[in-house]
Amino acid sequence: MAQAMSISLALLSGKSCSVELEPGLSIQELREIAQQRLNARISQLITADGRVLKEESYVGDSKIESGDVVTAILRQAAIVSNGSCNWRSATVVRHTDGSVTAWGNFACGGDIIGVQDQLHDVQRVVATYAAFAALRGDGSTVAWGEAESGGDSSEVQEQLVDVSSIRASGYAFAALRRDGKVVTWGAPDYGGDSSNVQSQLAKVTEIHATHGAFAAKCDDGRVVVWGKANYGGDSSAVANQLTHVQRICAGFFALTAVREDGQVITWGNADMEANCPRVQKLGHDVVDIQASHAAFCALLADGRAVTWGDEKYGGNCPLALTDLRSITANAYAFAAVTKAGRVIAWGNPFCGGDSSLVAEELYDVVEIQAAHYAFAALLADGGVVAWGDVEAGGSCGDVELRDIQELCASAQAFCALSSDGFVITWGRRDFGGDSSSVQEHLQDAKLFERLSTYG
């Protein structure tokens, strides 16, 4: 019989406490203990070897040992916008206290008056093209915006209990419950209707979304897909290969799965498949995979990177990709940070795939954030450098960016938090680039969550 163990819970500030754990304790319960003992709002727990502990798992299965130090990450504020190129969008900020501020097109979620009393203790907000869904601390969800795009979850509301995560396609949502079941709503053909595969959706551990489909990974390594076939909703061509899957990465048009044996399987849009090997061997040392709309890039443990997919989207990099620390993707391009803090960019040059004009400014880069058509890099000295589509956030020369602590991106805009608490936005005003109407509500922001702009 497994015995209780003692570990330390620690904040990055150095504050810590010791706790006694039983193997049957869930990670969600451990996070709640951390919040009580450390008197802080905690979003994630991370082990000493860098693993994020999933809330649906248990202490006994997490490889935590007595004497370990588990780092508690403070809950951060976040900005997310919906819409894409249709000029109908709204923007939402989730504050550190769990409240929400919204602005933009009312029909797309810019008006939260109807759900304002429900938007408390919000942990995360995700967006389709015209709606939002919020996950609260008690596992319940709140949806608003255009009903046909997922803004109305009333038909499945009774099933939306004990939810651990939510994913969004272009016009539908999929919620993963802690019991491994999946609940979907929104446009049926975009994955809002999962009835055809519902019997297969058991013991699901994670969900991923393209623009028109969803993929669920089960605890036995199976993958279940549904939604539009040409967005990855049909995996029949590679079904016999999708076994013992360790991780999944979703692009706009296609999905990639990495198996335990290092094999990588790609499926989705037929045009993209013409540029992608369906099955390839990358080995066991894949650290991360990032996806543009129609290409993928895998970062290996030795700092090398491998690309595949449509060349116009960054699927064929002519540069030497070695000695890399991280990779970030937007819709049409990739940007990698080297271990020396420099940047290598490739893909569509007008969308950030060419950083030559700002190359001399890109030094001591801490991180890169991606909007759909531009990148922004945070430097160690608190400066920010942006490149790509100028109108979509690729130029920040009109705003003062000094002593910046955090960056985040919406679809076509960026947001920065300075050390004195000011929030600065730039990019397309319809995507959150103009926050002047809500500035008085943004001054309590503390930190921004690092978001993907693809749901």
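The coordinates are above.
Residues numbered from 1 in each chain as written. Predicted model: local features only at pLDDT ≥ 70, side-chain atom pairs only at ≥ 80, totals over all residues. Heavy atoms only, no water.

**Re the sheet that holds strand S9 (residues 131–136)**
Stated precisely, the cut-off is as follows: Each pair of strands is called paired provided DSSP finds at least two bridges between the two strands. Under the DSSP-based scheme used, a helix requires at least four consecutive residues in state H or I and a strand at least two consecutive residues in state E, with every element numbered from the N terminus. Where helices are involved, their axes are fitted lines through C-alpha atoms of the stretch in contact, as for all axes, and angles between N-to-C directions lie from 0 to 180°.
Read from one edge of the open sheet, three strands run S8-S9-S10, paired in antiparallel fashion. This sheet does not close on itself; its edge strands, each paired only once, are strand S8 (122–127) and strand S10 (141–145). Averaged over all pairs of adjacent strands, the angle between their axes in this sheet comes to 20°, without regard to strand direction. Of the strand pairs in this sheet, S8 and S9 are connected by five bridges, and their pairing is antiparallel. Across the sheet, residue Val122 finds its bridge partner in S9, namely Arg136.

**Here we look at the sheet that holds strand S3 (residues 42–46)**
Test applied: Throughout, a residue-residue contact means that at least one pair of heavy atoms, one from each residue, lies within 4.5 Å.
Overall, mixed pairing links the four strands, which are arranged S2-S1-S4-S3 in an open sheet. In this open sheet, the two strands that pair with only one neighbour each are strand S2 (16–21) and S3. On average, each strand axis in the sheet is inclined to that of its neighbour by 30°, with strand direction left out of account. Against the sheet, helix H1 (residues 27–38) contacts strand S1 (5–11), S2, S3 and strand S4 (69–74), and its axis sits at roughly 115° relative to S3.

**With respect to the pattern of salt bridges**
Formally: Definition used for salt bridges: Asp or Glu carboxyl oxygen within 4 Å of a side-chain nitrogen of Lys or Arg. Relative accessible area decides the class of each residue, using a 1.4 Å probe on protein chains only: under 20% of the type maximum gives buried, over 50% gives exposed, and in between gives partly exposed.
Evaluated as defined, the whole model comprises eleven salt bridges. Put simply, Arg136 and Asp138 hold a salt bridge, and the shortest N to O gap is 3.5 Å. You can call Arg136 buried: its relative accessible area is 16%. A salt bridge links Asp162 to Arg178; the shortest N-O distance between them is 3.3 Å. Of the two residues, Asp162 is situated in the loop between S10 and strand S11 (163–168) and Arg178 in the loop between strand S12 (172–177) and strand S13 (182–186); the sequence distance between them amounts to 16 residues.

**Quick look at unusual backbone geometry**
The backbone of Asp323 shows a phi angle near 55°, a positive value even though the residue is not glycine. The phi dihedral of Asp403 is positive, around 50°, even though this residue is not glycine. Turning to its location among the elements, Asp403 is positioned in the loop between strand S29 (384–388) and strand S30 (404–409). According to the relative accessible area criterion, Asp403 is partly exposed, its value standing at 47%.

**What to know about the side chain of Arg177**
Applied cut-off: Think of a polar contact as two N or O atoms within 3.5 Å of one another; within protein, one of them needs to be a possible hydrogen donor and the other a possible acceptor, and neighboring residues in sequence only count if both atoms come from side chains.
Mapping Arg177 onto the fold places it in strand S12. Its relative accessible area of 14% is what places Arg177 among the buried residues. Here the side chain of Arg177 touches Asp179 through a polar contact of 2.7 Å, side chain to side chain. When residues no more than four places from it in sequence are discounted, the contact partners of Arg177 are Gln159, Val161, Asp162, Val163, Ser164 and Val183.

**Comments concerning a negative patch on the surface**
Stated formally: Each patch is built from residues lacking any salt bridge and having more than 30% relative accessible area; the joining distance is 9 Å for like charges and 5 Å for nonpolar side chains (Val, Leu, Ile, Met, Phe, Trp, Tyr). Surface exposure here means Shrake-Rupley accessible area, sampled with a 1.4 Å probe, where a residue is shielded only by the protein chains that are shown. The charge count includes Lys and Arg as positive and Asp and Glu as negative, but it does not include His or the ends of the chains. One atom stands in for each charge, and that atom is NZ of Lys, CZ of Arg, CG of Asp or CD of Glu.
A cluster of acidic residues, Asp364, Asp381, Asp403 and Asp420, forms a negative patch on the protein surface. Within the fold, Asp420 resides in the loop between strand S31 (413–418) and strand S32 (423–427). In this structure Asp420 comes out as exposed when scored by relative accessible area, which is 55%.

**As for the pairing of strand S6 (residues 90–94)**
The buried fraction of S6 amounts to five of the five residues, a majority that puts the element mostly inside the structure. Residues Ala90, Val92 and Arg94 of S6 are buried on one face, and the alternating residues Thr91 and Val93, pointing to the opposite face, are buried as well. The hairpin formed by S6 and strand S7 (residues 100–104) contains five residues between the paired strands, and Gly98 there has a positive phi angle of roughly 90°.

**Some remarks on the packing of aromatic side chains**
For any pair of aromatic rings, the description rests on two quantities: the centre-to-centre distance and the angle between the ring planes. Heads up, the condition is: Note on aromatic contacts: the rings of Phe and Tyr and the six-membered ring of Trp form a pair at centre separations within 6.5 Å, being stacked when their planes are under 30 degrees apart, edge-to-face when over 60 apart, and tilted otherwise.
Taken as a whole and assessed by the stated rule, the structure comprises 14 aromatic pairs. Seen from their ring centres, Tyr313 and Tyr332 are 4.9 Å apart, and the 15° between their planes marks the pair as stacked. A residue pair is termed long-range when its members are at least 10 positions apart, and Tyr313 in the loop between strand S23 (305–309) and strand S24 (324–329) and Tyr332 in the loop between S24 and strand S25 (333–338) qualify at 19 residues. Tyr313 sits in the buried class, given a relative accessible area of 14%.

**Some thoughts on the state of the cysteines**
Our working rule: In what follows, a disulfide is any cysteine sulfur pair within 2.5 Å.
Scanning the model with the defined rule gives zero disulfides in all. Take Cys249: it sits in no disulfide, and the sulfur closest to it among the cysteines is that of Cys297, at 9.9 Å. Note on Cys249: relative accessible area 10%, which makes it buried.

**Re the pairing of S10**
Among the five residues in S10, four count as buried, and that is most of the element. The hairpin turn running from S9 into S10, its antiparallel successor, is four residues long, and Gly139 in that turn takes a positive phi close to 85°.

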